[in-house]
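A structural walkthrough
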Amino acid sequence: MKSPFPARLSDASFSGRLHDARTATVIGRLLGAAVAVCFVTGLISHVWQHPPAFLANALPSRPAWGYRVSQGLHVACGIAAVPLLLAKLWTVYPRLFARPVVRSARHALERLSVAVLVASALFELLSGLLNTAQWYPWPFSFVPVHYAVGWLLVGAMVLHLAVKAPEIAAHWRRRSAGTLSLPDEDATDRRSLLRALGAAVGAVTVTTVGQSFTPLGRLDLLAPRHPGHGPQGLPVNRTAARAGVDAQAVRDWRLRIEGPRPYELTLRELRALPQHEVTLPIACVEGWSKAARWTGVRVRDLLDRAGAPPGARIRITSLERHGAYRVSEMAHTYARDPLTLLALRLNGEVLSFDHGFPARVIAPNRPGVLQTKWVGRLEVL
Ligand SMILES: Nc1nc2c(c(=O)[nH]1)N[C@H]1C(S)=C(S)[C@@H](COP(=O)(O)O)O[C@H]1N2
Ligand SMILES: [Mo]
């Protein structure tokens, strides 16, 4: 069978019609920036969900909007990176068919690093995107693999930047030496390509970013979640039915607080304690977030009554029997924050079952997965 590609593609056949180094540099810069933001915000999200021992009791609970902005950026930059990556691959693809396949040991290593770079970039964007849609068509667990491949991607990208540094430097500015000799029509075509790319990035961003940036909520046409859709004006990730929590499970509900002076409270007793109202967002790792008004009892008041030392970490356990998010832990910085509540009400109404009735955790600057619903027990650690 005849190959659709010229038998011998030398570097010369790579130079024309937007498969050139200037175009690759311009798109690469934007893609690199998007990947860098994804990496930093991804690290933040990972540390917040799985803190290393030395940070487990020290993560800051402020700014209250911190995790919301960080994770919103993570998902928005990941989505913007999809058209950027496709355009970048299109610009450089003739290089993939360059012959001879391997010219030297150094060349072989470079090709290998590009293979890792392309594969890990495609994997990160695809797995992240499917995760926001809660679709897991793979046999591994998303979080550790997405995290590990993130390191692979950044490592391969740094290597790529180092190898290409001379070329990137030569084509960084429009009037750099290498581009002066290019025909004018290439410059015009490049501008058109970049304008189209800008429009594509703008379109995917504007139609999804409203899932966390609520002023653009009405333009949120493509994101899997709409921040306003759900009971009591808030989306639900895991419903009470799916978590196996029903009226029966909460009938004789009591909150158990384990500490130096353990005690139990009925819902009526909890309601009789001083109530506080806070406005805080649920910020899901999948990218949607929404602020809401929560009313309930300060966690620190409950801990004081149990005689908890001020620096103590706590563990929160849900009534839910199975499920990855039935238990969460909280640093003293969170437990002592006056905004951290065991919430009983949401947006002026008693919590619905799906939002965690009879009681759920709401704390500032905290990933949604840790805002435990259907709380049954608080333990001083
Ligand atoms: N017990 C329990 N709490 C949970 C979860 C869960 O699966 N089980 N899901 C978490 C996730 S992933 C999110 S984003 C928030 C969503 O809260 P909401 O359904 O009230 O909007 O609840 C969190 N609390
Ligand atoms: Mo979530």
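Definitions and cut-offs
Residues numbered from 1 in each chain as written. Chains lettered and ligands numbered in written order. Predicted model: local features only at pLDDT ≥ 70, side-chain atom pairs only at ≥ 80, totals over all residues. Heavy atoms only, no water. Helix = DSSP H or I, 4+ residues; strand = E, 2+ residues; numbered from the N terminus. Contact = heavy atoms within 4.5 Å. Areas by Shrake-Rupley, 256 points an atom, 1.4 Å probe, with all protein chains shown as cover. Salt bridge = Lys/Arg side-chain N within 4 Å of Asp/Glu carboxyl O. Buried < 20%, exposed > 50% of the residue type's maximum accessible area, 1.4 Å probe, protein only. Disulfide = S-S within 2.5 Å. Patch = residues over 30% accessible without salt bridge, like charges linked within 9 Å, V, L, I, M, F, W, Y side chains within 5 Å. Lys, Arg positive; Asp, Glu negative; His and termini not counted. Charge placed at Lys NZ, Arg CZ, Asp CG, Glu CD. Near = heavy atom within 4 Å. Polar contact = N/O pair within 3.5 Å; in protein donor to acceptor, adjacent residues only side chain to side chain. Nonpolar A, V, L, I, M, F, W, Y, C, P; charged D, E, K, R; others polar. Domains from an automatic or database assignment. Buried area = accessible area lost by both parts, 1.4 Å probe. Pairing = 2+ DSSP bridges. pLDDT = per-residue confidence, 0-100.

1. What about the overall build of the protein chain?
- Helix and strand counts for the protein chain come out as 10 helices and 10 strands.
- Each of the three principal axes of the protein chain carries a C-alpha extent, and together these read 80 × 45 × 45 Å.
- By sequence separation, contacts in the protein chain at least 24 residues apart represent 69% of the contacts at least 6 residues apart.
- When the accessible surface of the protein chain is split by element, carbon and sulfur atoms take 64% of a total near 19,200 Å².

2. A short note on the pattern of salt bridges
- The tally for this structure, following the rule as stated, stands at 14 salt bridges.
- Taking the shortest distance from any N to any O, the salt bridge between Glu320 and Arg238 comes out at 2.6 Å. Placement of the pair is Glu320 in the loop between strand S5 (314–318) and strand S6 (327–330) and Arg238 in the loop between helix H6 (184–206) and helix H7 (240–243), with a sequence separation of 82 residues.
- As a salt-bridge pair, Asp304 and Arg336 come within 2.7 Å of each other at their nearest N and O atoms. Residue Asp304 is located in helix H9 (residues 299–305), and its partner Arg336 is located in the loop between helix H10 (332–335) and strand S7 (341–346); the two are separated by 32 residues in the primary sequence.
- Asp304 sits in the partly exposed class, given a relative accessible area of 40%.
- Taken together, the shared-partner salt bridges connect Arg313, Arg315, Glu329, Arg377 and Glu379 into one network.

3. Quick look at the state of the cysteines
- All chains considered together, the criterion is met by zero disulfides.
- Looking at the unpaired Cys77, the closest cysteine sulfur is the one in Cys38, lying at 5.4 Å.
- Cys77 sits in the buried class, given a relative accessible area of 17%.

4. Structural notes on a positive patch on the surface
- Taken together, the side chains of Arg174, Arg175, Arg191 and Arg195 make up a positively charged region of the molecular surface.
- When you line up the elements, Arg191 lands in helix H6.

5. Considerations on the site of ligand 1
- Not every one of the 20 residues close to ligand 1 is listed here, only the nearest: Pro235, Glu320, His355, Arg360 and Lys373.
- Pro235 places a polar main-chain atom, nitrogen or oxygen, 2.5 Å from an oxygen atom of ligand 1.
- Separating an oxygen atom of ligand 1 from a side-chain N or O atom of Lys373 is a distance of 2.6 Å.
- Considering ligand 1 on its own, with 540 Å² of exposed area, one finds that the protein chains cover 98% of that surface.
- Residue composition of the shell around ligand 1, by class: nine nonpolar, six polar and five charged.

6. Examining the domain arrangement of the protein chain
- When its domains are assigned, the protein chain resolves into domain 1 (11–219) and domain 2 (233–380).
- If you average the C-alpha positions of domain 1 and of domain 2, the two centres end up 38 Å apart.
- Summed over both sides, the interface of domain 1 with domain 2 buries roughly 2,100 Å², with 50% coming from carbon and sulfur.
- Here domain 1 and domain 2 share one salt bridge between them.

7. Brief notes about the environment of Arg106
- Turning to its location among the elements, Arg106 is positioned in helix H3 (residues 105–132).
- Through-space distance from the C-alpha of Arg106 to that of Val158 is 16 Å; in sequence the pair is 52 residues apart.

8. Things to note about the pairing of S5
- For S5, a buried count of four out of five residues is recorded, marking the element as mostly surrounded by other parts of the structure.
- Pairing of S5 with S6 involves four bridges; the strand directions are antiparallel. Bridging across to S6, Ile314 finds its partner in Met330.

9. Some words on a nonpolar patch on the surface
- On the surface, a cluster of nonpolar side chains totalling about 300 Å² of accessible area is made up of Trp65, Val69 and Leu73.
- Structurally, Trp65 can be placed in the loop between helix H1 (21–49) and helix H2 (66–96).

10. A word on the confidence of the model for the protein chain
- Residues at a pLDDT of 70 or more form 93% of the protein chain, whose mean pLDDT is 93.
- With pLDDT under 50 throughout, residues 5–10 is counted as low confidence; its partners more than four residues away or in other chains account for seven contacts.

11. Overview of the side chain of Thr41
- Here Thr41 lies in helix H1.
- Looking at Thr41, the relative accessible area reads 6%, which means it is buried.
- Excluding anything up to four places from it in sequence, Thr41 contacts Ser70, Gln71, Leu73 and His74.

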